[in-house]
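# Secondary and tertiary structure notes
In case you want the letters, here they are:
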Amino acid sequence: MTKKTRRAIFILVFSEFLVCLGISLVIPVMPFLKNQLHLTATDMGIMSALFAFAQFVASPLIGRLSDKIGRKPVLTAGLFLFMASEVLFALTNKLMVFNISRVIGGLSAAMVVPTAMALAADITTKRQRARVIGWLSAAFSGGLILGPGIGGILAGVSYKTPFWAAGALGLISAIVLISLLPSDAETSKIRDAEATTSTAAKPSAHPMTKEFWTVPIIILFTMILVSSFGLQGFESIYSIYVNEVFHFSLGNIALVLTLNGLISLFLQVAMFDTLVSKWGERRVIRACFFLAAICVVWITQAHGKIAVMIATLVVFSAFDLLRPAITTLLTKASESNQGLINGLNMSLTSVGNIVGPIMSGMLLDMNPHYPYLVVSVFLIVSYLMAFLLKRPDQLQSATEK
């Protein structure tokens, strides 16, 4: 790996870390902002859904745009949009402007995260790529881990302070990227320098046929939708729910989210491969759905903060292992259809991110426990569906017949 390649990757990792830090700074503040401005849980759910919807619609369009005009302009614009979104949120107390801010934020996420991944792929060899994508993922997780704790501290000054801080981080990221990231012409040279004798992937036949859509494949995609729906249905209202039902303070919420981030990083970096090697993806998926369902119900029946915190950490940990386990099994299902599989994976995740917060917000306005009871039902059904899954070798042979 050349010096220019390492510098470019460092800038991408640094920018992604700062953006994710900025996003997570505001998480502990949301329930107190809701109470201060007299917003409903439905209002908060719609805000989260608008972010996901904008990201869902914009991602494929921006992907094509970055292919045409280059990665650096798209990344730069995305960071400036992120800054604008956070500053706009800090400046206003009107619901309509909050929603506009979330749409801008979703556009910025669509511009930054996939474009950074694409640029990393542009300037690395196949052998280097997994390691670099791992660094970007670690930057993503690291930002989300540190953000809630820092946000809770900044909120002691004002509920709007975390948003100002997030906007400042966006500006710093944009300046660093403009100043230090190689131009697209230089990126092309880096790609040529890093090129190896690897052969180009052969285009595969279009897989949109009934032979591809076997029952196990449909089950896996359904689980992707359910896991994203369940996670967002659980997470999007979590801080509001525990504040209203169990009277969690800002510090309590920040503590839970920070512990979750640390556990998540450990599970994904140090334990995931070991668990899959020992148990296999199918058993990991079943265990995660079962534990998540049980602990979501446990939260609705708990009577103390400690019990809620423990159950919360188990739920988040289950989701942290569930998503990569399902994705890994999907990628083993058909070696020649990775583009379709990953595209559908992202699309279904976005759909879950849109529907989950809206549904949970509306149910929370009816009864505090309704959202989690509904989520638990979906998780139990998915647990039962997981017994229909085949081994990876059986999945692949089924899709390639």
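Predicted, not measured: the structure shown is a model, and the values here were computed from it. (Residues numbered from 1 in each chain as written. Predicted model: local features only at pLDDT ≥ 70, side-chain atom pairs only at ≥ 80, totals over all residues. Heavy atoms only, no water.)

We now examine the packing of helix α2 (residues 30-37) against helix α10 (residues 238-245). Where α2 meets α10, the axes come as close as 8 Å, and the angle between the chain directions of the two elements is 65°. Considering the angle they form, α2 stands roughly perpendicular to α10. Residue-level contacts link Pro31, Phe32, Lys34 and Asn35 of α2 to Ser239, Ile240, Asn243 and Glu244 of α10. Looking at the contact of α2 with α10 residue by residue, the class counts come to three nonpolar, three polar and two charged. (Axes fitted to C-alpha atoms, helices over the stretch in contact; angles between N-to-C directions. Helix = DSSP H or I, 4+ residues; strand = E, 2+ residues; numbered from the N terminus. Parallel < 35°, antiparallel > 145°, perpendicular 65-115°, else oblique. Contact = heavy atoms within 4.5 Å. Nonpolar A, V, L, I, M, F, W, Y, C, P; charged D, E, K, R; others polar.)

What follows deals with the side chain of arginine 286. Residue placement: arginine 286 occurs in helix α12 (residues 281-301). Within the buried set, arginine 286 has no salt-bridge partner at all; the shortest N-O distance to an opposite charge, 11 Å, is to glutamate 281. (Buried < 20%, exposed > 50% of the residue type's maximum accessible area, 1.4 Å probe, protein only. Lys, Arg positive; Asp, Glu negative; His and termini not counted. Salt bridge = Lys/Arg side-chain N within 4 Å of Asp/Glu carboxyl O.)

This brings us to the packing of helix α4 (residues 71-91) against helix α7 (residues 161-180). Where α4 meets α7, the axes come as close as 8 Å, and the angle between the chain directions of the two elements is 165°. Between α4 and α7, the angle is such that the two are roughly antiparallel. The two elements α4 and α7 cross, and the hand of that crossing is left-handed. Facing Lys72, Leu75, Thr76, Leu79, Phe80, Phe82, Met83, Glu86, Val87, Phe89, Ala90 and Leu91 of α4, the residues of α7 in contact are Phe163, Trp164, Ala166, Gly167, Gly170, Leu171, Ser173, Ala174, Leu177 and Ile178. Of the residues assigned to the contact of α4 with α7, the class counts are 16 nonpolar, four polar and two charged. (Left-handed = near helix turned anticlockwise from the far one by under 90°.)

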